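# Overview (structure and organization)
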Amino acid sequence: MTSTDARNEAEDSGPGGYAAARLRLLQEGARSGPPRRAALAGLTDEWLSGLFTAAAAGLRGVSLVAVGGYGRGELSPRSDLDLLLLHDGGDSAAVAALADRVWYPVWDLGLALDHSVRTPGEARKAAGDDLKVQLGLLDARHLAGDLGLTAALRTTVLADWRNQAPARLPELQELCAARAARQGELQYLLEPDLKEARGGLRDVTALRAVAASWLADAPREGLDDARRRLLDVRDALHLATGRATDRLALQEQDQVAAGLGLLDADTLLRQVYEAARVVSYASDVTWREVGRVLRSRSVRPRLRAMLGGGRPVAERSPLAEGVVEQDGEVVLARAARPERDPVLPLRAAAAAAQAGLPLSLHAVRRMAGSVRPLPTPWPAEARQELVTLLGSGRPTVEVWEALEAEGLITRLLPDWERVRCRPQRNAVHVWTVDRHLIETAVRASEFTRRVSRPDLLLVAALLHDIGKGWPGNHSVAGEIIVRDVAARIGFDRADVAVLSTLVRHHLLLVETATRRDLDDPATVRAVADAVGGQSTLHLLHALTEADALATGPAAWSSWRGSLVADLVRRVAAVLAGDEPDEPETAAPTAEQERLAIEAVATGSPVLALRAQTEPPAGEQPPGGPEPLGVELLIAVPDQPGVLPAVAGVLATHRLTVRTAELRSLDLPDGVDGTVLLLDWRVAAEYGSLPQAARLRADLVRALDGSLDIASRLAERDAAYPRRRGWVAPPPRVSVHPAASRLATVIEVRAQDAPGLLFRIGRALEDADVRVRSAHASTLGANAVDAFYVTGPEGAPLPAEEAASVARKLEEMLRG
């Protein structure tokens, strides 16, 4: 069906004909994007014009006007119809009746309608009172009726906007900033709002309004294409959901991607991010120009009076060779020759970041259009300017984005293209891969005084996740890439080796500290062997903290920081020549002995809770003196099922387990019986800690069987919030035979859920293995728990038995 056929059908059949023609148009597989939006707007124009003309027969001084998105012709399948019934103030009863005869057929079809009835004067007043009304009227488009009335309103509204722009543009900028604060940045969100988030369709509309003011104009390159992409995605989202939504939810992304003919949801998100990045950068440049123009207008009259009417010349202050500051921006000096100076982009960027100033759009485009590529390897100056840029802190982000917007980053670092705008489908990460790398460099710049080679720290921070653009383990892929990149940048062979080690092992410290027994000599020796030297160890420590802080709030805490610091101290001692001591069973403390004697005397568990606010060595933890958790000591007469019982009780009280150690305790002479001592570190999920008496009472009931923990946890699990339409990846259980000489290490990776440790503990009990210690780590929705287990005699499990235990544990978790 052609658009002409559809319009004829709509005209011939009234509302029913329009509905059928609209449905047929939306179901056409061959038409999408701008052609479909134009056809839908044209079809709707014809129908509404017909309704208006029939209803307004003999009535003068009225017109029907499309405003807002409909005025721009941006009709998505479920878009609102934004309509203004404009009248000259004549017969109010007739106008009201006319409005009813136009609005009701729209409502009868179930279409969303944003409508108003106003005279030109009322419309101007509403625009003056409400900026959103003003923005909608800037896109006013005549549909039917008195064309002169509509044209006069358009002319007046545009004139008002231009006259009032110095006062209203700051208001619009504040509106955009407040919306961004509420909705976040479109280019980083896993479930973005295509319209309201920063870099979305609202910002495109704001840029159009700025252009209409004649005060400034947005960079045009790529902006129209970015707007088209966002509209295409919104169209596909409306068709996939059947709803008027702008939120690109995770469960809809695969269907939306298929509707657009894209490979998968990641490809979809990457295109959305790229479009949002264009819009965000255009917004930054435009609002900066608006501010410059408004400042110039406010200062110029005074300067002209002082200078006798002459035109003031903006002062230019040198920043670096070929680079100057002018009017709050970094621009190229008049003598600069980008075509002869391949280091100029990095020099200008470093100077801008050091000065905390933005790079001029004109300067960046001039360099992008004429600069020669750097030789291989880079000259020392280029390498130094890159390090200076990365070490400049927060201003680095804006300067880097300016270079990236014009393609200069991928010219300098071709491997950057694979991580650019790449989404990270992990709730712990708040940034795309490329932005995370820049954020890590920003964080690393705070730690340069802690290391002997700040340049290696900053470059490693920039490149540590560069392997995420390749299949397989990103640390392994990254090591290969970094060897090539570092050599091209101009680092010597020894520095290349250090950088590749840092990238290969950038997760080593935090994973080892939170998932392994630091008292086991094999743990410390393995890290020392991987790191190789003191200098590299301290670089890796700083990189680990910078990486975690740049990931998101869930990735770092005082507890994690204290564990990593403890591991680094132990590894540093080994690298200095000390051998880690074989762990010896520590003599019980007075409190432990007291609890054990009471447990034997009463025949039931006893416990004590003690807050821990300092690391074991008494050193201030990174991040400040926040609580590291609570130490929970439990003494229980030896009996089966202690581990799952304790884990289950803690889960019912919403306590998160961080570490758990279990051992038999030798009692003083004269005291008969065997006692299990459990030394755990726990933290409350939220709220305050439960009273020790309540924990003890529930533990007694759990051990004697009168408390059905499994049922309680099943009820909580059923109520646990789950993402509709999303299936968690299956759990994985693996054995790490080289991780310890004293026990078998079994690692569990699974979706975090209430009672996970209880289920694992019960399965290990059923397998007749003893748990010496457990190390729990949770990042977002993912749990990674390591269990040091032995056979009943206290020796590590044989390989076949360990594999069998892991296989049964995985089957239980999958079931």
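The structure under discussion appears in the preceding block.
Everything in this summary refers to the structure shown in the same document. (Residues numbered from 1 in each chain as written. Predicted model: local features only at pLDDT ≥ 70, side-chain atom pairs only at ≥ 80, totals over all residues. Heavy atoms only, no water.)

### Re the nonpolar core
By size, the foremost hydrophobic cluster in this structure holds 96 residues, and its most contacted members are Leu359, Trp378, Trp400, Leu413 and Trp416. Ignoring any residue separated from it by four or fewer positions in sequence, one finds Trp400 in contact with Leu386, Leu389, Leu390, Ile409, Leu413, Trp416, Ile438 and Leu462. Of all hydrophobic cores here, the second largest spans 50 residues; its members include Leu643, Val682, Ala750 and Ala763. (Core = buried A, V, L, I, M, F, W, Y, C linked by side-chain atoms within 4.5 Å. Buried < 20%, exposed > 50% of the residue type's maximum accessible area, 1.4 Å probe, protein only. Contact = heavy atoms within 4.5 Å.)

### Comments concerning the sheet that holds strand β2 (residues 81-87)
Spatial strand order, β3-β2-β1-β4: four strands in an open sheet with mixed pairing. With one partner strand each, in any of the chains shown, β3 (113-118) and β4 (141-145) form the two edges of the open sheet. Recorded for the sheet is a direction-independent mean angle of 25° between the axes of neighbouring strands. In terms of strand pairing, β2 meets β3 through six bridges, oriented parallel. Looking at the pairing, Leu86 lines up with Arg118 of β3. (Pairing = 2+ DSSP bridges. Helix = DSSP H or I, 4+ residues; strand = E, 2+ residues; numbered from the N terminus. Axes fitted to C-alpha atoms, helices over the stretch in contact; angles between N-to-C directions.)

### What about the side chain of Thr544?
Mapped onto the elements of the fold, Thr544 is located in helix α23 (residues 534-551). According to the relative accessible area criterion, Thr544 is buried, its value standing at 2%. If we skip the residues at most four places from it in the chain, Thr544 touches His506, Leu509, Val510 and Trp556.

### Looking at helix α25 (residues 590-602)
Every α-helix carries 3.6 residues per turn, so stepping three or four residues along brings you back to the same face. If you check α25, its first and last C-alpha atoms are 18 Å apart, about what 13 residues at 1.5 Å a residue would give, namely 18 Å. Within α25 the residues assigned to the buried category are Gln592, Leu595, Ala596 and Ala599. The buried residues of α25 all sit within an arc of 100° when viewed along its axis, so they share a single face. Seen from the open side of α25, the exposed residues pointing more than 90 degrees away from its buried face are Ala590 and Ala601. (Expected span 1.5 Å × (residues − 1). Arc of directions from axis to C-beta.)

### Focus on the packing of helix α26 (residues 642-652) against helix α29 (residues 756-766)
Orientation of α26 relative to α29, taken along the N-to-C sense of each, is 170°, at an axis distance of 8 Å. On the basis of the axis angle, α26 is roughly antiparallel to α29. Every residue of α29 that contacts α26 at Val642, Leu643, Pro644, Ala647 and Gly648 is listed here: Leu757, Phe758, Gly761, Arg762 and Glu765. For the contact of α26 with α29, a count of residues per class yields six nonpolar, two polar and two charged. (Parallel < 35°, antiparallel > 145°, perpendicular 65-115°, else oblique. Nonpolar A, V, L, I, M, F, W, Y, C, P; charged D, E, K, R; others polar.)

### Considerations on the sheet that holds strand β6 (residues 323-326)
Judged by pairing direction, the sheet is antiparallel, and its three strands sit side by side in the order β5-β6-β7 without closing on themselves. Strands with a single pairing partner mark the edges of an open sheet, and in this sheet they are β5 (316-320) and β7 (329-332). Adjacent strand axes in the sheet meet at a mean angle of 40° when their direction is disregarded. The pairing of β6 with β7 spans four bridges and is classified as antiparallel. Bridge pairing in β7 places Val323 opposite Leu332.

### Details of the environment of Ala795
As for its placement among the helices and strands, Ala795 is situated in the loop between β15 (782-790) and α30 (799-814). When the C-alpha positions of Ala795 and Arg770 are compared, they lie 9.7 Å apart, and in sequence the two are 25 residues distant.

### Description of helix α13 (residues 361-370)
Along α13, the positions that sit buried rather than exposed are Leu361, Ala363, Val364, Met367 and Ala368. An end-on view of α13 places all buried positions within 165° of arc, on one side of the element. In α13, the exposed residues that point more than 90 degrees away from the buried face are His362 and Gly369.

### Looking at the environment of Arg292
Within the fold, Arg292 resides in helix α11 (residues 265-306). Counting along the chain gives 36 residues from Arg292 to Gly328, while the straight-line C-alpha distance between them is 8.2 Å. A polar contact is formed between the side chain of Arg292 and the side chain of Glu289, at a distance of 2.5 Å. (Polar contact = N/O pair within 3.5 Å; in protein donor to acceptor, adjacent residues only side chain to side chain.)

### Let's talk about the packing of aromatic side chains
Going through the model one piece at a time under the given rule, you end up with four aromatic pairs. Judged by centre distance (5.1 Å) and plane angle (85°), the ring pair of Tyr104 and Trp107 falls under edge-to-face. In this pair, Tyr104 and Trp107 are both assigned in helix α4 (residues 92-108), three residues apart and thus about one turn of the helix distant. Residue Tyr104 is classed as partly exposed on the basis of its relative accessible area, which comes to 44%. Judged by its relative accessible area of 36%, Trp107 is partly exposed. Lying over the aromatic face of Tyr70, Arg141 brings its terminal NZ or CZ to 5.3 Å of the ring centre. Taking NZ or CZ as reference, Arg435 lies 4.2 Å from the ring centre of Trp431, over its face. (Phe/Tyr/Trp six-rings, centres within 6.5 Å; stacked < 30°, edge-to-face > 60°. Lys NZ or Arg CZ within 6 Å of the ring centre and 35° of its normal.)

### Notes on empty space enclosed by the protein
A complete count under the given rule lists five cavities of 30 Å³ or more for this structure. Of the pockets and cavities examined, the largest cavity occupies roughly 60 Å³. The wall of the largest cavity is formed by Tyr188, Arg277, Val397, Trp400, Glu401, Glu404, Asp434, Arg435 and Ile438. Elements supplying a minimum of two residues to the lining of the largest cavity: α15 (395-405) and α17 (433-444). The biggest single contributor to the lining of the largest cavity is α15, with four residues. (1 Å grid on protein atoms, 1.4 Å probe; cavity = no way out; pocket = protein on both sides within 12 Å on 5 of 7 lines; lining within 4 Å. Points joined across faces, edges and corners; volume = space filled by probe spheres on them.)

### Re the packing of helix α14 (residues 380-390) against α15
Where α14 meets α15, the closest approach of the two axes is 9 Å, and the angle between their N-to-C directions is 125°. Classified by the angle their axes make, α14 and α15 are oblique. The segment α14 lies against α15, with Leu386, Leu389 and Leu390 engaging Thr396, Val399 and Trp400. The class makeup of the residues in the contact of α14 with α15 is five nonpolar, one polar and no charged.

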